[in-house]
Amino acid sequence: MVNLPARPLGRGMRWRCNQLGGQVFRQILYSLLFMAVWPLTTEGAEEAPAQDQVLELEAQPTGGDFTLNSLRGPVSTKDLRGKVIMLYFGYTKCPDVCPSSLAFMTQAMNELSAEEQKDVVGLFISVDPKRDSVEALAEYAGYFHENYIGVTGSEAEIARVAKLFGAQYYTVELEDSAFGYAVNHSSATYMVDQQGGLRFVFPHETPPQVLLEAMRYLLTEGHLSLIHISEPTRPKR
């Protein structure tokens, strides 16, 4: 087993993994080394509006449990024990960063078997609680995958959860726009293991294959833990 500390990747973005080993480690590491030559932000890119920038993480993510609201009612990460959680901060009016990130997540999800998908859930956390209703979030998240849940809360609740994961966001006024404002935000994809621990923080534009390998690693790890726990104790001779 290999225990890696958090390492900076690109312009302040951070990738973290704990107790990652074997073939999965090599596949993810090689993919990330290849990805390091890609731009980690859309700043200056012609296709991205100036008001929709990808921000760096504000602080080292620690993770932690939280409860936010969805169309189905309160969603608590404590109630999701036994599932791998993919977590993303964004908003429904995001013009390109959120859709592309969620599309990458979905490509990875769709490579899982139906049985594997039962143990994975995606949480889309709104950084625009003023405009994103639970109804809008349910429709938006569900468009990408039926296992995705859109969640929101008060501004204070969202700020607390964002702090746990080092996420950064702020509003930018838009002139001559019906939207009124945009929200610049960091664009990391987080993975939480089946015991509720934050295990991976992947930067913007991480390839779907890397996300897939990480999910499969956590699913396999959780399955082996259950087997170990359920093994009967043999009497000593």
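In what follows, the structure referred to is the one given above.
For clarity, every value in this text was computed on a predicted model and none was experimentally measured.

**Looking at the sheet that holds strand β11 (residues 189-192)**
Reading across from one edge, β8-β7-β6-β11-β12 is the order of the five strands in this open sheet, with mixed pairing throughout. In this open sheet, the two edge strands, each paired with only one partner strand, are β8 (148-151) and β12 (198-202). In this sheet, neighbouring strand axes are inclined to one another by 20° on average, regardless of whether the strands run parallel or antiparallel. Sitting on the sheet, helix α2 (residues 97-111) is in contact with β6 (84-90), β7 (120-126), β8 and β11, with an inclination near 165° to β6. Contacts from helix α4 (residues 134-144) reach β7 and β8, with the element oriented near 155° to β8.

**Observations regarding the sheet that holds strand β10 (residues 181-186)**
Reading across the sheet, the three strands line up as β3-β10-β9 and stay open at both edges, with mixed pairing between neighbours. Looking along the sheet, the strands with just one partner apiece sit at the ends: β3 (54-55) and β9 (169-173). In this structure, β3 lies alongside β10, joined through two bridges in parallel fashion. Across the sheet, Leu-55 pairs through a bridge with Ser-186, a residue of β10.

**Points about the pattern of salt bridges**
Applying the stated criterion across every chain yields a total of seven salt bridges. Of the charged contacts, one joins Asp-193 and Arg-199 as a salt bridge, the two residues approaching to 3.1 Å between their closest N and O atoms. No difference in accessibility class separates Asp-193 from Arg-199, as the two residues are buried. In this structure, a network of salt bridges that share partners links the residues Asp-193, Arg-199 and Glu-221.

**Structural notes on the nonpolar core**
Judged by nonpolar contacts, the single largest core of 60 residues is most densely connected at Phe-89, Ile-125, Phe-165, Tyr-190 and Met-191. A per-element tally of this core places helix α6 (residues 208-230) first, with eight residues. Discounting residues that sit within four places of it in the chain, Tyr-190 has contacts with Leu-57, Pro-61, Ile-85, Met-86, Leu-87, Phe-89, Phe-165, Gly-166, Ala-167, Leu-198, Phe-200 and Val-201.

**Remarks on α4**
Of all the positions in α4, only Val-134, Leu-137, Tyr-140, Ala-141 and Phe-144 are classed as buried. In an axial view of α4, the angular spread of the buried residues amounts to 130°, which keeps them on one side of the axis. Exposed positions of α4 whose direction lies more than 90 degrees from the buried face are Glu-139 and Tyr-143. If you follow the buried residues of α4, they end up packed against β4 (67-70), α2, β7 and β8.

**Considering the side chain of His-145**
With respect to the helices and strands, His-145 occurs in the loop between α4 and β8. Here His-145 falls in the buried class, since its relative accessible area comes to 8%. Only 3.0 Å separates the side chain of His-145 from the backbone nitrogen of Asn-147, close enough to count as a polar contact. Not counting residues up to four positions away in its chain, the partners in contact with His-145 are Thr-106, Met-109, Asn-110 and Gln-117.

**Looking at the pairing of β11**
In regular strands, side chains alternate between the two faces of the sheet. Burial along β11 is two-sided: Thr-189 and Met-191 facing one way and Tyr-190 and Val-192 facing the other are all buried. Judged from the four bridges that link them, β6 and β11 form a sheet pairing that is antiparallel. Paired with Tyr-88 across the two strands is Thr-189, which belongs to β11. Where β11 meets β12, four bridges bridge the pair, whose relative direction is antiparallel. Within the sheet, the bridge partner assigned to Thr-189 lies in β12 and is Phe-202. In this structure, the hairpin formed by β11 and β12 is closed by a connection of five residues, where Gly-196 is found at a positive phi of approximately 90°.

What counts and what doesn't
Residues numbered from 1 in each chain as written. Predicted model: local features only at pLDDT ≥ 70, side-chain atom pairs only at ≥ 80, totals over all residues. Heavy atoms only, no water. Pairing = 2+ DSSP bridges. Helix = DSSP H or I, 4+ residues; strand = E, 2+ residues; numbered from the N terminus. Axes fitted to C-alpha atoms, helices over the stretch in contact; angles between N-to-C directions. Contact = heavy atoms within 4.5 Å. Salt bridge = Lys/Arg side-chain N within 4 Å of Asp/Glu carboxyl O. Buried < 20%, exposed > 50% of the residue type's maximum accessible area, 1.4 Å probe, protein only. Core = buried A, V, L, I, M, F, W, Y, C linked by side-chain atoms within 4.5 Å. Arc of directions from axis to C-beta. Polar contact = N/O pair within 3.5 Å; in protein donor to acceptor, adjacent residues only side chain to side chain.

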